[in-house]
Amino acid sequence: MTADVNKTDDPEDAPTPAAGPEAIKAIPVRHYGRYVSAVIAVALLASIIYAFAQGKINWGAVPDYFFDDRIINGVGQTLLLTILSMAIGVVGGITLAVMRLSKNPVVSSIAWGYIWFFRGTPVLVQLIVWFNLGLVFEYINLGPIYKDYWSSFMTPLLTALLGLGLNEAAYMAEICRAGLLSVDEGQTEASHALGMSHTKTLRRIVIPQAMRVIVPPTGNEVINMLKTTSLVSVVQFSELFRQAQDIGQTSGAPVEMLFLAAAWYLILTSILSIGQYYLERYYARGSSRNLPPTPLQKIKSGVFSLRRPKGVTA
């Protein structure tokens, strides 16, 4: 065996490795349109604020009456009417949704007709119709159970509950029906094969899974109901809007009282929106691996991200 005369141990004569690819230097794209639109939006907002600041508005009247006893009473009546109307709407909506999905054509047709009528007529018209039925029926006669003049029976509260609650039931029926249809039919068949009744299947299998679909639009309906209660002022019910109108007429600040009512509606809807967020997050546990962070968690992460990591020096 002979030694290779061309072989060398000198490291300087070793072949140099091929140079790697040059690192790509990313240059962010400048979005000038965003800056322009932001400037325009800020300018429009500033002009609106300036216009209201120059208007003949007694802004001092708003804090003076913000916690007035009549306003607080109106807020309480608004919340009470919202809760009771939504309770009627939810119960009625679930009942109508089950009827709509029934294989009995008579029951299904009745539910469809109810939904068609109440969704097709304005809620304000329904309220006024309920309020003026005393012109058609002098008495309400339920036999040995109850009998009275219609005007005494149909109080403003009852008129508001019937007008809002029955109308809401039509919308909740479609929301509940969509939620029930979102559950796979195989689960219903499996529960029936295990000997569970139809009612128990709905209560234990179908409805808990359908809640993930039902809760978000129901939260929107609650917020919408809170604002819709302002319509019942036409039937003499003393909720927030009517109380603000009455104070505005007696105090000589009608526009200011409307701003006050709007502020209270914003506060109440904001609180309901927070509750809706946590309720949606609760029912999303079975469908999402990583739940969205809560507002408190977002604040904590933002605060902790500003702290300097341990062992890092400036």
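### Considerations on the overall build of the chain
Consideration 1: Within the chain, the secondary structure is distributed over 12 helices and 2 strands.
Consideration 2: Taken from N to C terminus, the helices and strands of the chain fall in the order α-α-α-α-α-β-β-α-α-α-α-α-α-α.
Consideration 3: Across the 314 residues that make up the chain, the buried fraction comes to 27%.
Consideration 4: By sequence separation, contacts in the chain at least 24 residues apart represent 72% of the contacts at least 6 residues apart.
Consideration 5: Total accessible area computed for the chain in this model is approximately 21400 Å², and 64% of it derives from carbon and sulfur atoms.

### With respect to the side chain of Ser108
Consideration 1: Along the chain, Ser108 turns up in helix H4 (residues 105-120).
Consideration 2: When sequence neighbours within four positions are dropped, the list of residues in contact with Ser108 reads Met99, Arg100 and Ser102.

### Considering the environment of Phe259
Consideration 1: Relative to the assigned elements, Phe259 resides in helix H11 (residues 254-283).
Consideration 2: Along the primary structure Phe259 and Trp59 are separated by 200 residues, whereas in three dimensions their C-alpha atoms are 9.3 Å apart.
Consideration 3: Leaving out residues up to four positions away in the same chain, Phe259 has contacts with Phe52, Ile57 and Trp59.

### With respect to the packing of helix H3 (residues 69-100) against helix H10 (residues 240-251)
Consideration 1: At a closest axis distance of 7 Å, the pairing of H3 and H10 adopts a crossing angle of 160°. Classified by the angle their axes make, H3 and H10 are roughly antiparallel. The handedness of the crossing between H3 and H10 is right-handed. Together, Arg70, Ile71, Asn73, Gly74, Val75 and Thr78 of H3 and Leu240, Gln243, Ala244, Ile247 and Thr250 of H10 make up the contact between the two elements.
Consideration 2: Grouping the constituent residues of the contact of H3 with H10 by class yields 5 nonpolar, 5 polar and 1 charged.

### Details of H4
Consideration 1: For H4, built from 16 residues, the straight-helix expectation of 22 Å at 1.5 Å per residue is met to within 8% by its first-to-last C-alpha distance of 22 Å.
Consideration 2: Taking the backbone nitrogen of Val106 as reference, a side-chain oxygen 3.0 Å away marks Asn104 as the first, capping residue of H4.

### With respect to the nonpolar core
Consideration 1: Ranked by internal contacts, the top residues of the largest apolar core, which has 21 residues, are Leu81, Leu164, Leu180 and Val232.
Consideration 2: The set of elements that each furnish at least two residues to this core consists of H3, helix H5 (123-131), helix H7 (156-181) and helix H9 (198-228).
Consideration 3: The element best represented in this core is H7, accounting for 7 residues.
Consideration 4: Non-local contacts of Leu81, meaning those with residues more than four positions away in its chain, are made with Leu157, Ala160, Leu161, Leu164, Thr229, Val232 and Phe237.

### A word on the side chain of Ser230
Consideration 1: Within the secondary structure, Ser230 is located in the loop between H9 and H10.
Consideration 2: Under the relative-accessibility criterion, Ser230 is labelled buried at 19%.
Consideration 3: Those residues in contact with Ser230 that sit more than four places away from it in its chain are Glu239, Phe241 and Tyr265.

### Remarks on a nonpolar patch on the surface
Consideration 1: On the surface, Val36, Ile40 and Leu44 cluster together to form a nonpolar patch covering roughly 280 Å² of accessible area.
Consideration 2: Mapped onto the elements of the fold, Val36 is located in helix H1 (residues 32-54).
Consideration 3: Under the relative-accessibility criterion, Val36 is labelled partly exposed at 48%.

### A look at the packing of aromatic side chains
By convention here, two paired aromatic rings are described through the distance between centres and the angle between planes.
Consideration 1: The tally for this structure, following the rule as stated, stands at 13 aromatic pairs.
Consideration 2: Ring geometry for Phe66 versus Trp264: centroids 4.9 Å apart, planes at 15°, classification stacked. Of this pair, Phe66 sits in the loop between helix H2 (61-65) and H3 while Trp264 sits in helix H11, and the two are 198 residues apart along the sequence. By the burial criterion, Phe66 is buried, and Trp264 matches it.
Consideration 3: Centroid distance Tyr277 to Tyr278: 5.6 Å. Interplanar angle 90°. Geometry classified as edge-to-face.
Consideration 4: Taken together through their ring pairs, the aromatic side chains of Phe137, Tyr146, Trp150 and Phe153 make up a single cluster.

Conventions used here
Residues numbered from 1 in each chain as written. Predicted model: local features only at pLDDT ≥ 70, side-chain atom pairs only at ≥ 80, totals over all residues. Heavy atoms only, no water. Helix = DSSP H or I, 4+ residues; strand = E, 2+ residues; numbered from the N terminus. Buried < 20%, exposed > 50% of the residue type's maximum accessible area, 1.4 Å probe, protein only. Contact = heavy atoms within 4.5 Å. Areas by Shrake-Rupley, 256 points an atom, 1.4 Å probe, with all protein chains shown as cover. Axes fitted to C-alpha atoms, helices over the stretch in contact; angles between N-to-C directions. Parallel < 35°, antiparallel > 145°, perpendicular 65-115°, else oblique. Left-handed = near helix turned anticlockwise from the far one by under 90°. Nonpolar A, V, L, I, M, F, W, Y, C, P; charged D, E, K, R; others polar. Expected span 1.5 Å × (residues − 1). Polar contact = N/O pair within 3.5 Å; in protein donor to acceptor, adjacent residues only side chain to side chain. Core = buried A, V, L, I, M, F, W, Y, C linked by side-chain atoms within 4.5 Å. Patch = residues over 30% accessible without salt bridge, like charges linked within 9 Å, V, L, I, M, F, W, Y side chains within 5 Å. Salt bridge = Lys/Arg side-chain N within 4 Å of Asp/Glu carboxyl O. Phe/Tyr/Trp six-rings, centres within 6.5 Å; stacked < 30°, edge-to-face > 60°.

Geometry only, nothing functional implied.
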